[in-house]
Amino acid sequence: MRDRMLLEVRNLKVYFYTKRGIVKAVDGVNLYLDKGEIVGLAGESGSGKSTIGYAIMRLVPFPGKIESGEILFKGENILKLDEEAFRKNYRWKKIAMVFQGSMSGFTPVFKIKDQIIEVLRIHGWNGDYEERIKELFKMVNMDPQLAEKYPHELSGGQKQRAFIAMALALNPEVLIADEPTTALDVMVQEHILNLLKKLRKELNLSIIFITHDLALLSEISDRDYTLYAGKVMESGPSEVIFKKPRHPYTSLLIESIATLDKDIIKGIPGAMPDLSSPPLGCRFNTRCPFARDICFKEEPKMKTFSDGDEVACWLY
Ligand SMILES: Nc1ncnc2c1ncn2[C@@H]1O[C@H](COP(=O)(O)OP(=O)(O)OP(=O)(O)O)[C@@H](O)[C@H]1O
C-alpha cells in the first residue's frame with residue numbers, strides 16, 4: 001500500500017436483488033483515494049457512481065447488497081467490521097457523504113442548528129455545541145447566524161453549504177460529495193467547487209466527487225475514474241483524462257461537454273445495457289464506435305500507461 005493511500009476499494013461488487021433479476025450495479029470496481037486528494041467519479045446516469053458512495057458508507061439501500069470485495073480505510077477492511085463498530089468509529093467520523101439531493105435532506109420543521117446539534121449529540125461530541133456550529137459555518141463561508149434559520153429560509157446554495165457543514169461536523173477525513181452542485185445555478189456551482197477546494201487545503205480533506213458532468217471535474221479533481229455499467233473504463237490523472245483520453249467512452253463523455261457549451265445537448269447515442277444481463281465482453285460494446293469482434297467476446301483487462309492512465313479497452 002502506498003504511504004498516502006487513505007481509502008482503497010478492491011474488486012467491489014454491489015448487486016440489487018430486484019423482481020426483474022439481479023442488477024449488477026457495481027461489478028468489480030477498484031479505486032483508491034490518497035490523503036488530501038480530490039478524485040472524480042464520472043459516468044452516465046445509472047453507471048453505479050452513487051452505489052459506490054453508499055457502499056463506502058455501508059448504506060446500500062434495500063434490495064441492494066455488497067456482494068464481495070474489500071473497502072480498506074488506512075489498510076483496515078471496513079466491510080469486516082460489525083455495524084456497531086463501523087457506526088461508532090467510521091460512518092460520519094472518518095467518512096462522510098453529502099448525498100445527491102441533500103439540499104432537501106434537512107427536516108423542514110427544525111432549525112438547521114438543531115439538526116447539526118443532533119448529529120453531534122448522537123455521536124457523543126464532547127465539546128461546546130454552539131461553538132462547534134460557529135466553527136463549522138465559518139469553515140463553509142457562512143454567517144453563523146444562518147444556523148438559526150429553518151431550511152426553507154435558506155437558498156439552495158446556502159442549504160448545500162449547511163449540509164456540507166453538517167457532514168463535516170465530526171471531522172471526517174474523507175468526504176464523498178454526490179452531485180453536490182446539481183440543481184444550482186452556475187455561479188453558485190462555482191462557489192461550491194471553490195469551497196470544496198478550500199476544505200481540501202485547510203483540512204487536508206480527501207474528497208470523492210461524484211458527477212455525470214465531466215466539465216466540473218476538469219475544474220476540481222486530481223484524478224478521475226470513468227464508470228460505465230458498473231465497471232471502471234478508465235482512470236488517470238485529470239490532465240491525462242482531459243487532454244488525452246484513451247477510452248472511447250471517456251472521449252465521448254468529454255465530447256458531450258463540448259456540445260453542452262454550444263447549448264446543444266448531445267449525449268452518447270444508444271442506451272446503457274440492462275444490468276441484470278450485461279453483455280458479454282466489454283460492456284460498452286453496443287455503443288462503441290470502434291467495437292470489433294473481440295469486444296463482444298472477451299472482457300478487456302486494465303492496461304497501465306507510463307503517464308498514469310489505466311484503460312480497459314481492446315484498442316490497446
Ligand atoms: N434501490 C435500488 N433498487 C434497485 N436498483 C437500484 C437501486 N438503486 C440503484 N439501482 C440500480 O443500480 C444501478 C446504478 O445506480 P446508481 O444510482 O449507483 O447510478 P449513478 O451512476 O449514481 O446514476 P445517477 O447519476 O442517476 O444517480 C442502476 O441500474 C440503478 O437502476
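What you are looking at is a predicted structure, and each value in this text was computed from that prediction instead of being measured.

Reading the values: the criteria
Residues numbered from 1 in each chain as written. Predicted model: local features only at pLDDT ≥ 70, side-chain atom pairs only at ≥ 80, totals over all residues. Helix = DSSP H or I, 4+ residues; strand = E, 2+ residues; numbered from the N terminus. Rg over C-alpha atoms; globule rule 2.2 N^0.38 Å. Buried ≥ 20, exposed ≤ 12 C-beta atoms within 10 Å, placed from the backbone. Contact = placed C-beta atoms within 7 Å. Near = placed C-beta within 6 Å. Nonpolar A, V, L, I, M, F, W, Y, C, P; charged D, E, K, R; others polar. UniProt positions renumbered as here; feature names shortened; annotations may be inferred. Pairing = 2+ DSSP bridges. Axes fitted to C-alpha atoms, helices over the stretch in contact; angles between N-to-C directions. Right-handed = clockwise from strand over helix to strand, strands pointing away.

Colleague: How should I be thinking about the overall build of the protein chain in this particular structure?
Modeller: On a plain count of helices and strands, the protein chain comes out with 9 helices and 12 strands. Taken over the C-alpha trace, the protein chain has a radius of gyration of 20 Å; the compact-globule value for 316 residues is 20 Å, and the two agree within 12%. Across its three principal axes, the protein chain shows a C-alpha extent of roughly 65 × 50 × 45 Å. When the 316 residues of the protein chain are sorted by exposure, 41% land in the buried category. The contacts in the protein chain between residues at least 6 apart in sequence include a share of 63% that link residues at least 24 apart.

Colleague: Just to check I follow, could you spell out the site of the ligand for this structure?
Modeller: Near the ligand lie 18 residues; those nearest to it are A25, S45, K49, S50 and T51. Within the residue set of the shell around the ligand, elements represented by two or more residues are strand 1 (5-18), strand 2 (21-34) and helix 1 (49-56). With 3 residues, the top contributor of residues to the shell around the ligand is helix 1. Partitioning the shell around the ligand into residue classes produces 6 nonpolar, 11 polar and 1 charged.

Colleague: Help me understand the UniProt feature "domain: ABC transporter" (unreviewed entry) in the protein chain, please; the structure alone is not making it clear to me.
Modeller: As recorded in UniProt, the sites labelled "domain: ABC transporter" (unreviewed entry) are residues 9-254. With 35% helix and 28% strand, the stretch residues 9-254 has end C-alpha atoms that lie 25 Å from each other.

Colleague: What am I meant to see in the sheet that holds strand 12 (residues 310-312) here?
Modeller: Here 8 strands make up an open sheet; going across it, the order is 6-7-8-3-9-10-12-11 and the pairing mixed. On the outer flanks of this sheet lie strand 6 (95-98) and strand 11 (302-304), each paired with one strand and no other. Sheet twist, expressed as the mean angle between neighbouring strand axes with direction ignored, is 20 degrees. In the sheet, strand 3 (residues 38-42) pairs with strand 9 (residues 223-228) via 4 bridges, with the strands oriented parallel. Residue pairing in the sheet places G40 in a bridge with D224 of strand 9. Packing against the sheet, helix 5 (residues 156-167) makes contact with strand 6 and strand 7 (174-178), and its axis sits at approximately 165 degrees to strand 6.

Colleague: Can you help me understand the environment of V26 in this one?
Modeller: By the secondary structure assignment, V26 is in strand 2. The buried category is assigned to V26, around which 31 C-beta atoms lie within 10 Å. For the pair V26 and L275, spaced 249 residues apart in the sequence, the C-alpha separation amounts to 9.3 Å. V26 has contacts with L12, K13, V14, G48, T51, I52, A55 and G230, leaving out every residue within four places of it along the chain.

Colleague: For this particular structure, what's the right way to read the sheet that holds strand 4 (residues 64-73)?
Modeller: Two pairing modes exist for strands in a sheet, parallel and antiparallel, and in both the strands are linked by backbone hydrogen bonds. Strand order in the open sheet made by the 4 strands is 2-1-4-5, with antiparallel pairing throughout. Each edge of the open sheet is held by one strand with a lone partner, namely strand 2 and strand 5 (76-77). As defined by bridge partners, strand 4 adjoins strand 5 across 2 bridges and the pair is classed as antiparallel. Directly across from F73, in strand 5, lies its bridge partner E76.

Colleague: Hey, could you run me through the pairing of strand 7 in this one?
Modeller: Residues in a regular strand point their side chains to alternate faces of the sheet. Of all 5 residues making up strand 7, 5 are buried, and the element is well covered by its neighbours. Here strand 7 shows a buried face lined by V174, I176 and D178 and a second buried face lined by L175 and A177. Sheet analysis places strand 6 next to strand 7, joined by 4 bridges and oriented parallel. Looking at the pairing, I95 lines up with V174 of strand 7. When strand 7 meets strand 8 (residues 206-211), the two strands line up parallel, connected through 5 bridges. Considered in strand 8, the bridge of A177 is made with F209. In this view, the connection linking strand 7 to its parallel neighbour strand 8 by way of helix 6 (residues 186-203) has right-handed handedness.

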